[in-house]
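Structural description and commentary
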Amino acid sequence: MRDMGDIALVIYSALLWSLLDVSRKKLSQHLSPPAAVVWLSLGSLPFFLAWAVADGEWIQDSSYVLVGGPIVLLQLLANVLFIQAVQISPLSLTVPFLSLTSVFSAGFAFLALQEHLVPVQWIGIGGVLFGSFFLREGLRKKAHSSRLEVGGVLMIVVALIWSVTSALDKVALRSASVPAHALIQTVGVGAISLLWLVVRGNLRELASVRQIWKVFAFAVVALTAAQALQLLAIRSVPVGLVESLKRGLGLLASVLLGRLVFAEELTRAKLTAAVFMGLGSALLILG
(Lines give C-alpha, C1' and ligand atoms only; values in the text may rest on other atoms or scores of the structure.)
Protein backbone atom coordinates (compact mmCIF):
# COMPACT_ATOMS: atom_id res chain seq x y z
CA MET A 1 0.00 0.00 0.00
CA ARG A 2 1.28 3.47 -0.80
CA ASP A 3 1.86 6.26 1.71
CA MET A 4 -1.64 7.25 2.78
CA GLY A 5 -0.50 10.85 3.06
CA ASP A 6 0.07 10.92 -0.70
CA ILE A 7 -3.24 9.16 -1.33
CA ALA A 8 -4.99 11.68 0.92
CA LEU A 9 -3.70 14.49 -1.32
CA VAL A 10 -5.24 12.74 -4.33
CA ILE A 11 -8.56 12.23 -2.55
CA TYR A 12 -8.81 15.85 -1.41
CA SER A 13 -7.86 17.01 -4.89
CA ALA A 14 -10.51 14.77 -6.48
CA LEU A 15 -13.25 16.15 -4.27
CA LEU A 16 -12.19 19.72 -4.99
CA TRP A 17 -12.17 19.08 -8.74
CA SER A 18 -15.76 17.83 -8.40
CA LEU A 19 -16.80 21.04 -6.66
CA LEU A 20 -15.04 22.98 -9.40
CA ASP A 21 -16.98 21.07 -12.07
CA VAL A 22 -20.24 22.24 -10.51
CA SER A 23 -18.95 25.80 -10.20
CA ARG A 24 -17.86 25.87 -13.84
CA LYS A 25 -21.29 24.73 -14.95
CA LYS A 26 -22.79 27.60 -12.95
CA LEU A 27 -20.28 30.03 -14.45
CA SER A 28 -21.05 28.78 -17.95
CA GLN A 29 -24.63 30.00 -17.55
CA HIS A 30 -23.36 33.61 -17.45
CA LEU A 31 -19.87 33.61 -19.00
CA SER A 32 -18.51 32.49 -22.37
CA PRO A 33 -15.84 29.75 -22.16
CA PRO A 34 -12.90 32.14 -22.83
CA ALA A 35 -14.23 34.68 -20.30
CA ALA A 36 -14.65 31.99 -17.64
CA VAL A 37 -11.09 30.76 -18.23
CA VAL A 38 -9.74 34.32 -17.96
CA TRP A 39 -11.48 34.98 -14.65
CA LEU A 40 -10.48 31.64 -13.13
CA SER A 41 -6.86 32.24 -14.15
CA LEU A 42 -6.84 35.79 -12.77
CA GLY A 43 -8.41 34.58 -9.55
CA SER A 44 -5.89 31.84 -8.84
CA LEU A 45 -2.85 33.81 -10.03
CA PRO A 46 -2.23 35.76 -6.76
CA PHE A 47 -2.26 32.54 -4.72
CA PHE A 48 0.25 30.76 -6.94
CA LEU A 49 2.43 33.88 -7.18
CA ALA A 50 2.59 34.22 -3.39
CA TRP A 51 3.36 30.50 -3.05
CA ALA A 52 6.14 30.64 -5.66
CA VAL A 53 7.74 33.69 -4.05
CA ALA A 54 7.59 32.12 -0.59
CA ASP A 55 8.99 28.85 -1.93
CA GLY A 56 11.88 30.56 -3.67
CA GLU A 57 12.43 27.70 -6.12
CA TRP A 58 11.66 28.43 -9.75
CA ILE A 59 12.84 26.73 -12.95
CA GLN A 60 16.00 24.64 -12.61
CA ASP A 61 16.36 23.63 -16.26
CA SER A 62 15.63 25.48 -19.51
CA SER A 63 14.22 22.25 -20.94
CA TYR A 64 11.07 23.09 -18.97
CA VAL A 65 9.97 25.30 -21.88
CA LEU A 66 9.73 22.29 -24.18
CA VAL A 67 7.17 20.69 -21.86
CA GLY A 68 5.58 23.67 -20.12
CA GLY A 69 4.68 25.44 -23.37
CA PRO A 70 2.63 22.60 -24.86
CA ILE A 71 0.87 22.06 -21.48
CA VAL A 72 -0.34 25.69 -21.53
CA LEU A 73 -1.88 25.29 -24.99
CA LEU A 74 -3.44 21.92 -24.19
CA GLN A 75 -4.88 23.12 -20.87
CA LEU A 76 -6.36 26.16 -22.55
CA LEU A 77 -8.08 24.00 -25.14
CA ALA A 78 -9.31 21.51 -22.52
CA ASN A 79 -10.77 24.21 -20.27
CA VAL A 80 -12.66 25.87 -23.11
CA LEU A 81 -14.02 22.54 -24.38
CA PHE A 82 -15.04 21.48 -20.86
CA ILE A 83 -17.08 24.64 -20.32
CA GLN A 84 -18.67 24.29 -23.76
CA ALA A 85 -19.58 20.67 -23.00
CA VAL A 86 -21.36 21.46 -19.72
CA GLN A 87 -23.07 24.43 -21.34
CA ILE A 88 -24.96 22.14 -23.71
CA SER A 89 -25.31 18.95 -21.64
CA PRO A 90 -26.25 17.91 -18.08
CA LEU A 91 -23.28 17.56 -15.73
CA SER A 92 -24.01 13.90 -14.95
CA LEU A 93 -24.34 13.07 -18.67
CA THR A 94 -21.02 14.54 -19.79
CA VAL A 95 -18.71 14.05 -16.79
CA PRO A 96 -18.81 10.20 -17.04
CA PHE A 97 -16.72 10.46 -20.19
CA LEU A 98 -13.87 11.84 -18.09
CA SER A 99 -13.45 8.34 -16.67
CA LEU A 100 -11.62 7.57 -19.91
CA THR A 101 -8.67 9.46 -18.42
CA SER A 102 -8.19 6.41 -16.18
CA VAL A 103 -7.03 4.32 -19.13
CA PHE A 104 -5.60 7.11 -21.26
CA SER A 105 -3.41 8.50 -18.47
CA ALA A 106 -2.15 5.05 -17.44
CA GLY A 107 -1.13 4.44 -21.04
CA PHE A 108 0.59 7.79 -21.49
CA ALA A 109 2.34 7.43 -18.11
CA PHE A 110 3.66 4.03 -19.15
CA LEU A 111 5.01 5.40 -22.43
CA ALA A 112 6.45 8.64 -21.06
CA LEU A 113 7.37 7.70 -17.49
CA GLN A 114 7.53 3.89 -17.41
CA GLU A 115 5.00 3.84 -14.57
CA HIS A 116 3.13 0.60 -13.91
CA LEU A 117 -0.08 -0.08 -12.02
CA VAL A 118 -0.59 -3.34 -10.11
CA PRO A 119 -3.36 -5.78 -11.21
CA VAL A 120 -5.77 -4.82 -8.41
CA GLN A 121 -5.55 -1.18 -9.52
CA TRP A 122 -6.45 -2.17 -13.07
CA ILE A 123 -9.47 -3.95 -11.62
CA GLY A 124 -10.28 -0.70 -9.82
CA ILE A 125 -10.02 1.19 -13.10
CA GLY A 126 -12.38 -1.37 -14.62
CA GLY A 127 -14.89 -0.69 -11.83
CA VAL A 128 -14.72 3.04 -12.43
CA LEU A 129 -15.13 2.61 -16.19
CA PHE A 130 -18.00 0.14 -15.85
CA GLY A 131 -19.79 2.36 -13.38
CA SER A 132 -19.34 5.50 -15.45
CA PHE A 133 -20.58 3.94 -18.67
CA PHE A 134 -23.43 2.19 -16.89
CA LEU A 135 -24.37 5.66 -15.71
CA ARG A 136 -23.99 7.09 -19.18
CA GLU A 137 -26.07 4.34 -20.78
CA GLY A 138 -28.87 4.82 -18.29
CA LEU A 139 -28.97 8.53 -19.02
CA ARG A 140 -28.54 8.14 -22.77
CA LYS A 141 -31.87 6.35 -23.07
CA LYS A 142 -33.57 9.47 -21.79
CA ALA A 143 -31.64 11.87 -23.98
CA HIS A 144 -32.86 12.48 -27.51
CA SER A 145 -31.13 15.77 -28.31
CA SER A 146 -28.12 15.84 -30.61
CA ARG A 147 -26.73 18.66 -28.47
CA LEU A 148 -26.24 16.16 -25.67
CA GLU A 149 -24.17 13.98 -27.98
CA VAL A 150 -22.04 16.95 -28.98
CA GLY A 151 -21.36 17.61 -25.31
CA GLY A 152 -20.28 14.01 -24.85
CA VAL A 153 -17.89 14.13 -27.79
CA LEU A 154 -16.33 17.33 -26.47
CA MET A 155 -15.81 15.71 -23.07
CA ILE A 156 -14.05 12.70 -24.63
CA VAL A 157 -11.59 15.13 -26.23
CA VAL A 158 -11.13 16.81 -22.84
CA ALA A 159 -10.41 13.42 -21.25
CA LEU A 160 -7.76 12.69 -23.86
CA ILE A 161 -6.10 16.09 -23.42
CA TRP A 162 -6.05 15.89 -19.62
CA SER A 163 -4.52 12.42 -19.84
CA VAL A 164 -1.64 13.84 -21.84
CA THR A 165 -1.16 16.91 -19.65
CA SER A 166 -1.07 14.83 -16.45
CA ALA A 167 1.91 12.86 -17.75
CA LEU A 168 3.53 16.05 -19.05
CA ASP A 169 3.02 17.73 -15.66
CA LYS A 170 5.13 15.03 -14.02
CA VAL A 171 7.85 15.52 -16.62
CA ALA A 172 7.73 19.30 -16.13
CA LEU A 173 8.12 18.96 -12.35
CA ARG A 174 11.54 17.42 -12.91
CA SER A 175 12.82 20.86 -13.91
CA ALA A 176 10.51 23.26 -12.02
CA SER A 177 9.00 23.59 -8.55
CA VAL A 178 5.31 22.90 -8.03
CA PRO A 179 4.32 26.55 -7.37
CA ALA A 180 6.43 27.82 -10.27
CA HIS A 181 4.85 25.33 -12.66
CA ALA A 182 1.35 26.16 -11.41
CA LEU A 183 2.02 29.89 -11.76
CA ILE A 184 3.41 29.59 -15.29
CA GLN A 185 0.46 27.49 -16.41
CA THR A 186 -2.02 29.91 -14.86
CA VAL A 187 -0.41 32.96 -16.45
CA GLY A 188 -0.11 31.25 -19.82
CA VAL A 189 -3.69 30.02 -20.02
CA GLY A 190 -5.11 33.29 -18.70
CA ALA A 191 -3.02 35.50 -21.02
CA ILE A 192 -3.93 33.58 -24.17
CA SER A 193 -7.63 33.56 -23.23
CA LEU A 194 -7.54 37.31 -22.58
CA LEU A 195 -5.77 37.93 -25.89
CA TRP A 196 -8.48 35.91 -27.65
CA LEU A 197 -11.17 38.15 -26.17
CA VAL A 198 -9.24 41.28 -27.15
CA VAL A 199 -8.71 40.15 -30.75
CA ARG A 200 -12.38 39.27 -31.14
CA GLY A 201 -13.50 42.49 -29.44
CA ASN A 202 -15.38 40.58 -26.75
CA LEU A 203 -13.88 42.07 -23.58
CA ARG A 204 -17.38 43.11 -22.52
CA GLU A 205 -18.08 39.43 -21.81
CA LEU A 206 -15.92 39.71 -18.69
CA ALA A 207 -18.41 42.06 -17.03
CA SER A 208 -20.97 39.29 -16.54
CA VAL A 209 -18.95 37.86 -13.65
CA ARG A 210 -20.52 40.48 -11.37
CA GLN A 211 -23.79 38.58 -11.53
CA ILE A 212 -22.22 35.46 -10.02
CA TRP A 213 -19.27 36.73 -8.01
CA LYS A 214 -19.96 34.32 -5.13
CA VAL A 215 -19.83 31.31 -7.45
CA PHE A 216 -16.70 32.74 -9.05
CA ALA A 217 -14.97 33.15 -5.67
CA PHE A 218 -15.86 29.59 -4.71
CA ALA A 219 -14.59 28.29 -8.06
CA VAL A 220 -11.26 30.08 -7.65
CA VAL A 221 -10.68 28.54 -4.22
CA ALA A 222 -11.62 25.06 -5.49
CA LEU A 223 -9.43 25.39 -8.60
CA THR A 224 -6.39 26.69 -6.76
CA ALA A 225 -6.51 24.05 -4.04
CA ALA A 226 -7.32 21.18 -6.43
CA GLN A 227 -4.50 22.04 -8.81
CA ALA A 228 -1.97 22.53 -6.01
CA LEU A 229 -2.82 19.25 -4.28
CA GLN A 230 -2.77 17.28 -7.53
CA LEU A 231 0.66 18.61 -8.51
CA LEU A 232 2.02 17.84 -5.05
CA ALA A 233 0.64 14.29 -5.22
CA ILE A 234 1.71 13.56 -8.76
CA ARG A 235 5.39 13.86 -7.85
CA SER A 236 5.30 10.55 -5.98
CA VAL A 237 2.02 8.86 -7.00
CA PRO A 238 1.68 7.21 -10.46
CA VAL A 239 -0.18 9.41 -12.92
CA GLY A 240 -2.60 6.61 -13.80
CA LEU A 241 -3.54 6.17 -10.15
CA VAL A 242 -4.01 9.91 -9.62
CA GLU A 243 -6.31 10.30 -12.63
CA SER A 244 -8.24 7.09 -11.97
CA LEU A 245 -8.94 7.93 -8.35
CA LYS A 246 -9.70 11.51 -9.29
CA ARG A 247 -12.30 10.39 -11.83
CA GLY A 248 -13.82 7.64 -9.71
CA LEU A 249 -14.43 9.94 -6.76
CA GLY A 250 -15.28 12.81 -9.08
CA LEU A 251 -18.03 10.84 -10.78
CA LEU A 252 -19.47 9.79 -7.46
CA ALA A 253 -19.56 13.41 -6.40
CA SER A 254 -21.05 14.53 -9.74
CA VAL A 255 -24.02 12.23 -9.26
CA LEU A 256 -24.68 13.63 -5.81
CA LEU A 257 -23.98 17.24 -6.72
CA GLY A 258 -26.04 16.97 -9.90
CA ARG A 259 -28.96 16.06 -7.67
CA LEU A 260 -28.30 18.62 -4.92
CA VAL A 261 -27.32 21.60 -7.08
CA PHE A 262 -29.10 21.08 -10.42
CA ALA A 263 -32.03 18.92 -9.24
CA GLU A 264 -31.06 16.14 -11.67
CA GLU A 265 -32.97 12.89 -11.12
CA LEU A 266 -31.30 10.27 -8.90
CA THR A 267 -32.16 7.04 -10.74
CA ARG A 268 -31.44 3.36 -10.09
CA ALA A 269 -28.83 3.50 -12.86
CA LYS A 270 -27.03 6.33 -11.09
CA LEU A 271 -27.06 4.50 -7.76
CA THR A 272 -25.80 1.27 -9.34
CA ALA A 273 -23.08 3.17 -11.15
CA ALA A 274 -22.11 4.88 -7.89
CA VAL A 275 -21.60 1.49 -6.23
CA PHE A 276 -19.20 0.30 -8.95
CA MET A 277 -17.31 3.58 -8.98
CA GLY A 278 -17.04 3.51 -5.21
CA LEU A 279 -15.71 -0.05 -5.21
CA GLY A 280 -13.31 0.77 -8.01
CA SER A 281 -11.99 3.78 -6.11
CA ALA A 282 -11.52 1.66 -2.98
CA LEU A 283 -9.44 -0.89 -4.93
CA LEU A 284 -7.31 1.91 -6.33
CA ILE A 285 -6.60 3.17 -2.82
CA LEU A 286 -5.93 -0.26 -1.33
CA GLY A 287 -3.74 -1.28 -4.25
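Topic: the packing of aromatic side chains
Evaluated as defined, the whole model comprises three aromatic pairs. Ring centres of Trp-39 and Phe-216 lie 5.7 Å apart, and the angle between their planes is 70 degrees; on these two criteria the pair is classed as edge-to-face. In this pair, Trp-39 sits in helix α2 (residues 33–55) while Phe-216 sits in helix α9 (residues 213–234), placing the two residues 177 residues apart along the sequence.

Some points on the nonpolar core
Leu-27, Phe-82, Leu-98, Met-155 and Val-158 are the most contacted members of the largest nonpolar core, which has 67 residues in total. Examining the composition of this core, we find that 10 residues originate from one element, α9, more than from any other. The residues touching Leu-27, leaving out its near neighbours within four places in the chain, are Leu-40, Ile-212, Val-215, Phe-216 and Ala-219. Formed by five residues, the second largest nonpolar core is a distinct cluster that contains Tyr-64, Val-67, Ile-71 and Ala-176.

Observations concerning the confidence of the model for the protein chain
The share of residues in the protein chain with pLDDT of 70 or more is 86%, and the mean pLDDT across the chain is 82. No element of the protein chain has a lower mean pLDDT than helix α4 (residues 91–94), which averages 68, and none a higher one than α9, which averages 93.

Topic: the environment of Phe-108
Along the chain, Phe-108 turns up in helix α5 (residues 101–113). Judged by its relative accessible area of 28%, Phe-108 is partly exposed. Distance from Phe-108 to Ala-167, taken between C-alpha atoms, is 6.4 Å for residues 59 residues apart in sequence. If sequence neighbours within four positions are ignored, Phe-108 has contacts with Leu-113, Leu-160, Ser-163, Val-164 and Ala-167.

Re a nonpolar patch on the surface
A cluster of nonpolar residues, Leu-194, Leu-195, Val-198, Val-199 and Leu-203, forms a patch on the protein surface that exposes about 450 Å² of accessible area. Along the chain, Leu-195 falls in helix α8 (residues 178–199).

About the cut-offs
Residues numbered from 1 in each chain as written. Predicted model: local features only at pLDDT ≥ 70, side-chain atom pairs only at ≥ 80, totals over all residues. Heavy atoms only, no water. Phe/Tyr/Trp six-rings, centres within 6.5 Å; stacked < 30°, edge-to-face > 60°. Helix = DSSP H or I, 4+ residues; strand = E, 2+ residues; numbered from the N terminus. Core = buried A, V, L, I, M, F, W, Y, C linked by side-chain atoms within 4.5 Å. Buried < 20%, exposed > 50% of the residue type's maximum accessible area, 1.4 Å probe, protein only. Contact = heavy atoms within 4.5 Å. pLDDT = per-residue confidence, 0-100. Patch = residues over 30% accessible without salt bridge, like charges linked within 9 Å, V, L, I, M, F, W, Y side chains within 5 Å. Areas by Shrake-Rupley, 256 points an atom, 1.4 Å probe, with all protein chains shown as cover. Salt bridge = Lys/Arg side-chain N within 4 Å of Asp/Glu carboxyl O.

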